[in-house]
Amino acid sequence: MNFNRTSLSQDLLKVRLVSSEEIAENWQLDITSFENSNLTLEQVVSWWNKYKKGVYALYNNSEVLGYISCWPVTFAAYEGLISGVKLEHQICDKDIVSDPKLAEQSYWYIGSIMLSIKYRKSRLLIKFLNDSIVNILIDLKSDKEISLCAFAYSLEGERILSRLKFDKHLEACQSSHGHSIYIAKLTVENLKMQLMLAIP
């Protein structure tokens, strides 16, 4: 599907931070979209209270079309996640790095990428990811090297991460949760360039 052929007006599309009142709405979207989602609302709220820039949503007027969550995590949490031992629901608020330390933050976990089904194969998806991740990492210096990781919960998730030039770190059979693990290690500036190149 081509973004330019959808009925959406680009002028009405807005990517912005999610407020405390909207956290529950986005969590519910995650639960209904992904059967294997096992995060409780309380967990998501505890993460958000540590880092309030971690969730961005795409709106068409007041309609939520999708959202992405990306969290700064400690080195120990990151190592546990990419080793395939630590599960998402085992991330606690102590694993999330708070705002004052972000200037030197190196390790990030992409928790959820959700977009309305009818737009998942359009360029809107990558454009949304680009705008969101650039905003999430805006406080970091452009030459800062960062490490990102994400779990692929579906074949579509694997395609998205591959398109974003993430490397498969572990096969699904090698992780304790049965999902492939993808990682990327690059500077903030290179990540921005990579995201722009991924937009068709």
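Residues numbered from 1 in each chain as written. Predicted model: local features only at pLDDT ≥ 70, side-chain atom pairs only at ≥ 80, totals over all residues. Heavy atoms only, no water.

Peer 1: Would you mind showing me how to read the overall build of the protein here?
Peer 2: Secondary structure summary: the protein contains six helices and seven strands in total. Going from the N terminus to the C terminus, the protein shows its helices and strands as β-α-α-β-β-α-β-α-β-α-β-β-α. Counting every position in the protein, which comprises 200 residues, the buried fraction comes to 48%. Within the protein, counting contacts between residues at least 6 apart in sequence, those at least 24 apart form 74% of the total. Roughly 9,900 Å² of accessible area belongs to the protein as shown, and the carbon and sulfur atoms make up 52% of that amount. (Helix = DSSP H or I, 4+ residues; strand = E, 2+ residues; numbered from the N terminus. Buried < 20%, exposed > 50% of the residue type's maximum accessible area, 1.4 Å probe, protein only. Contact = heavy atoms within 4.5 Å. Areas by Shrake-Rupley, 256 points an atom, 1.4 Å probe, with all protein chains shown as cover.)

Peer 1: So what exactly am I meant to see when it comes to the packing of aromatic side chains here?
Peer 2: Here a ring pair, both rings aromatic, is described through the centre-centre distance and the interplanar angle of the planes. Scanning the entire structure with this criterion turns up six aromatic pairs. One aromatic cluster in this structure is built from Phe75, Tyr78 and Tyr107. Sitting above the plane of the tryptophan 48 ring, lysine 52 keeps its charged end 5.0 Å from the centroid. (Phe/Tyr/Trp six-rings, centres within 6.5 Å; stacked < 30°, edge-to-face > 60°. Lys NZ or Arg CZ within 6 Å of the ring centre and 35° of its normal.)

Peer 1: Looking at this structure, how should I read helix H5 (residues 155–163)?
Peer 2: For an α-helix, the turn length of 3.6 residues means that residues three or four places apart are oriented alike. Listed as buried for H5 are Gly157, Glu158, Ile160 and Leu161. Looking straight down H5, one finds its buried side chains confined to an arc of 165°; they lie on one side. Seen from the buried face of H5, the exposed residues on the opposite side, beyond 90 degrees, are Leu155 and Arg159. Backbone geometry just after H5 places lysine 165 at a positive phi near 70°. (Arc of directions from axis to C-beta.)

Peer 1: Would you mind going over the side chain of serine 132 with me for this structure?
Peer 2: Tracing the chain through its elements places serine 132 in helix H4 (residues 123–136). Residue serine 132 is classed as buried on the basis of its relative accessible area of 0%. Setting aside anything within four residues of it in sequence, one finds serine 132 in contact with Val15, Tyr56 and Ile68.

Peer 1: Even after reading the chapter, I still don't get the confidence of the model for the protein, so can you show me in this structure?
Peer 2: Caution is warranted with low-pLDDT regions, since their predicted coordinates should not be read in detail. Scored by pLDDT, the protein comes out at a mean of 79, with 84% of its residues at no less than 70. Summarising per-element confidence for the protein, the mean pLDDT is lowest in strand E1 (residues 13–17) (69) and highest in helix H3 (residues 75–82) (96). Under a pLDDT of 50 for its full length, residues 1–9 has, in the predicted model, 18 contacts with residues more than four places off or in other chains. (pLDDT = per-residue confidence, 0-100.)

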